[in-house]
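Examining the three-dimensional arrangement
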Amino acid sequence: MAYDKSIAAFEEAYKVIPGGVDSPVRAFSGVEGTPPFIDRGEGGHLFDIDGNKYIDYVQSWGPLIFGHCDADIETSVFKAVMKGLSFGAPTTLETELAREIVTLFDSIDKVRFVSSGTEAVMSAIRLARGVTGRDDILKFTGCYHGHSDSLLVQAGSGLATFGTPSSPGVPADLTKHTLLATYNDIESVQKCFADSPDDIACVIIEPIAGNMGLVPADEEFLKQLRTICTEHGALLIFDEVMSGFRASLKGAQGISTVKPDMVTLGKVIGAGMPVGAFGARADIMAHLSPEGPVYQAGTLSGNPVAMAAGLTSLKKLKANPAIYVELGNKAKKLMDGFQKAATSVNIPLVTDVRGSMFGFFFSDKTVKNFDDALENDSEMFAKFHKGMLDKGIYLACSSYETGFISTVTTDKMIDETIKAAYEVMADIVK
Ligand code: HOZ
């Protein structure tokens, strides 16, 4: 495949944008080659500016559950655009979308919309601190909750890709309030609570981690987390920015019996438009301004174009929950195919699937936490990624990200992808 135009575009971008990208993982630093610059998407495919066509398993990092250019979603967007791009004033679209979310999630009585997952989590943390009057928060190594200061500690995703556990520019005075525990390890949580029994405002977790690769939390672990939070008066926050509407219609909460106190959502609600949201029980949300004293705001929050896209997408999902069975079967078929391709040439590979999310590690051990994830063979991943890209398969460009199946991903595309995986794995061991 020729990438000449993308290479030139990357060089030009580099001159005026740090690293040539607006979000670090996109720079392809964790894999070989340079990023294809995208011209357009169409259903389950992407087309770059060199004219190369790819089967897209990134789908804008999750939001495009109906793929690129879904006619219903785009029509609703066009209609909204014709009425105006932004008002900074209430619209009924916000209430409609809020109602859809509230009826879907038992844990949410009220929801507020923001413009990104980062903003959703940042706001939820502030609310948790405001409600409890406590400063400390507990997160898990390898879980990524956006790039706000308190949460950029031992985060996965881009930081893991670049090997920088935490970012300079975050004051130590702030991070001293961020306690760290090990994913799927309740003893590490118990230790934090033993050290600070009355100071922890909230425990935040990706119940299905998607930012250290795909690593689901064990049900028993989530139950124990729920118990310990209740005992200590700390709020349990499920960050479902990635898993929401992806792992199931109700995200991880459609799979687990554990009920969090607060939930953060993003990506998929916007169907590709910038949207995030956080919600909780009414008594918690009552602390939020203007009902309560905890301040949070945004001119573009509840933007009408984004709300229209989200509403259409959510209505389509709710109208056909069977979609998730099909998505899950396809994700499983893909991962089984990768597994067989790896086994055929004795390459160690472990895979996992949650609904339409899939992940794989070049490793021989089941990945339960961030340390396990870091043991994956990232050089092997880089070779595999490049080989697949050259065969027109667009996978996430880091071993610490997750892949996505969309309703437009056909069996034929999956068969083609598995065939490519056999060829690339065989090439790697040659
Ligand atoms: N780490 C982000 C997804 N989990 C990357 C997003 C982007 O680069 O657009």
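Residues numbered from 1 in each chain as written. Predicted model: local features only at pLDDT ≥ 70, side-chain atom pairs only at ≥ 80, totals over all residues. Heavy atoms only, no water.

1. What about the overall build of the protein chain?
Condition: Secondary structure follows DSSP: runs of H or I at least 4 residues long count as helices, runs of E at least 2 residues long count as strands, and numbering of each begins at the N terminus. Radius of gyration here uses only the C-alpha atoms, and the compact-globule reference equals 2.2 Å multiplied by the residue count raised to the power 0.38. Burial status follows relative accessibility: with a 1.4 Å probe on protein chains alone, a residue under 20% of its type maximum counts as buried, one over 50% as exposed, and anything between as partly exposed. Working rule for contacts: check all heavy atoms of both residues, and any pair within 4.5 Å makes them a contact. Computed by Shrake-Rupley with a 1.4 Å probe, the accessible areas treat only the displayed protein chains as cover when residues are assessed. Counting rule applied: Lys, Arg positive; Asp, Glu negative; His and chain ends not counted. To locate a charge, take atom NZ for lysine, CZ for arginine, CG for aspartate or CD for glutamate.
The number of helices and strands found in the protein chain is 14 helices and 16 strands. Here the protein chain has a C-alpha radius of gyration of 21 Å; the compact-globule value for 430 residues is 22 Å, and the two agree. For the C-alpha atoms alone, the extent of the protein chain along its principal axes is close to 60 × 55 × 45 Å. Within the protein chain, the proportion of its 430 residues that are buried is 57%. Within the protein chain, contacts between residues at least 6 apart in sequence are counted, and of these 72% link residues at least 24 apart. As presented, the protein chain carries roughly 17,600 Å² of accessible surface, and 53% of it is formed by carbon and sulfur atoms. Averaging the locations of the 39 positively and 54 negatively charged side chains of the protein chain gives two centres separated by 5 Å.

2. Quick word on the packing of aromatic side chains
Note the cut-off: What counts as a ring pair is set by centres within 6.5 Å for rings of Phe, Tyr and Trp (its six-membered ring), and what kind of pair is set by the plane angle: stacked under 30 degrees, edge-to-face over 60, tilted for all other angles. To sit over a ring, a charge needs its Lys NZ or Arg CZ within 6 Å of the ring centre and within 35 degrees of the ring normal.
Counted according to the given criterion, the structure contains 15 aromatic pairs. Seen from their ring centres, F105 and F245 are 5.8 Å apart, and the 85° between their planes marks the pair as edge-to-face. Here F105 is found in the loop between α3 (92-104) and β4 (110-114), whereas its partner F245 is found in the loop between β10 (235-239) and β11 (262-266), with 140 residues between them in sequence. Judged by its relative accessible area of 2%, F105 falls in the buried class. Taking the centre distance of 6.5 Å and the plane angle of 70° together, the rings of F370 and Y400 count as edge-to-face. Residue F370 is found in helix α12 (residues 370-374), and its partner Y400 is found in the loop between β15 (393-394) and β16 (403-404); the two are separated by 30 residues along the sequence. When the ring centre of F47 is taken as reference, the NZ or CZ atom of R40 above it lies at 3.9 Å. We note K316 situated over the ring of F66; from NZ or CZ to the ring centre the distance is 4.8 Å.

3. Considerations on the sheet that holds strand β1 (residues 38-42)
For clarity, the cut-off: Paired strands, as defined in this entry, are two strands with at least two bridges between them according to DSSP. Axes here mean lines fitted to C-alpha atoms, for a helix over just the part in contact, with angles spanning 0 to 180 degrees between N-to-C directions.
Strands sit in the order β1-β2-β3-β15 across an open sheet of four strands; the sheet is mixed. The sheet is open, and its two borders are formed by β1 and β15, each paired with just one other strand. Two elements, strand β2 (residues 45-48) and strand β3 (residues 53-56), share three bridges in a ladder whose sense is antiparallel. Each bridged residue has a counterpart across the sheet, and for F47 the counterpart in β3 is K53. Helix-sheet contacts for helix α14 (residues 411-429) involve β2, β3 and β15, and the interaxial angle to β3 is about 105°.

4. Observations concerning helix α7 (residues 186-195)
Here is the rule we go by: Our arc is simply the arc of the directions from the helix axis toward the C-beta atoms. Any N or O atom pair separated by 3.5 Å or less is treated as a polar contact, with the protein-specific requirement of one donor-capable and one acceptor-capable atom, and with residues adjacent in sequence counted only for side-chain atom pairs.
Where α7 is concerned, the buried positions are I186, S188, V189, C192 and F193. Seen along its axis, α7 keeps its buried residues to an arc of 160°; they face one direction. Exposed side chains of α7 directed beyond 90 degrees from the buried face belong to E187, K191, A194 and D195. Those residues of α7 that are buried are in contact with β5 (136-140), β6 (178-181), β7 (200-205) and α8 (219-232). A distance of 3.1 Å separates the backbone nitrogen of E187 from a side-chain oxygen at the start of α7, and that oxygen is part of D185.

5. Concerning the side chain of Q296
Its location among the elements puts Q296 in the loop between α9 (282-285) and α10 (304-319). Every residue in contact with Q296, bar those within four places of it in the chain, is listed here: R112, V114, E119, S123, R126, F278 and L288.

6. What about the packing of helix α2 (residues 71-83) against α10?
We count it as follows: An angle below 35 degrees is treated as roughly parallel, one above 145 as roughly antiparallel, one from 65 to 115 as roughly perpendicular, and anything else as oblique. Crossings are sorted by hand: turned counterclockwise from the far helix by less than a right angle, the near helix makes the crossing left-handed, and turned clockwise it makes it right-handed. Ten residues, namely Ala, Val, Leu, Ile, Met, Phe, Trp, Tyr, Cys and Pro, are considered nonpolar, four, namely Asp, Glu, Lys and Arg, are considered charged, and the remaining ones, Gly among them, are considered polar.
Between α2 and α10, whose axes approach to 8 Å, the crossing angle comes to 150°. In terms of orientation, α2 and α10 fall into the roughly antiparallel class. In the crossing of α2 with α10, the sense of the turn from one axis to the other is right-handed. Contacts between α2 and α10 involve D72, I73, S76, V77, A80 and V81 from the former and P304, V305, A308, A309, T312, S313 and K316 from the latter. Residue composition of the contact of α2 with α10, by class: eight nonpolar, three polar and two charged.

7. With respect to the sheet that holds β7
Taken in spatial order, the seven strands line up as β4-β12-β11-β10-β7-β5-β6 in an open sheet, and their pairing is mixed. With one partner strand each, in any of the chains shown, β4 and β6 form the two edges of the open sheet. Neighbour to neighbour, the strand axes of the sheet diverge by 20° on average, direction disregarded. Of the strand pairs in this sheet, β4 and strand β12 (residues 276-280) are connected by five bridges, and their pairing is antiparallel. Note on β12: the bridge partner recorded for F113 is A277.

8. Digging into the nonpolar core
What counts here: In this description, a nonpolar core means a group of buried Ala, Val, Leu, Ile, Met, Phe, Trp, Tyr and Cys residues linked to one another through side-chain atoms lying within 4.5 Å.
Counting 73 residues, the largest nonpolar core has Y57, I101, F245, F358, F360 and F384 as the members making the most contacts within it. Among the elements that take part in this core, helix α11 (residues 323-344) stands out by supplying nine residues, more than any other. Not counting residues within four places of it along the chain, the set of residues in contact with Y57 comprises L334, F358, I393, Y394, L395, G403, F404, I405, T409, M413, I414 and T417.

9. Overview of the pattern of salt bridges
Rules: Salt bridge, as used here: a side-chain nitrogen of Lys or Arg that lies within 4 Å of a carboxyl oxygen of Asp or Glu.
Applying the stated criterion to the full structure yields 24 salt bridges. Close ionic contact of K176 with D173 constitutes a salt bridge, the shortest N to O distance being 4.0 Å. With its nearest N and O atoms 3.0 Å apart, the salt bridge here joins K391 to E423. Linking K391 in the loop between α13 (378-390) and β15 with E423 in helix α14, this pair joins segments that are 32 residues apart in sequence. Linked through salt bridges whose partners overlap, the residues forming this network are R226, D261, R281 and D283.

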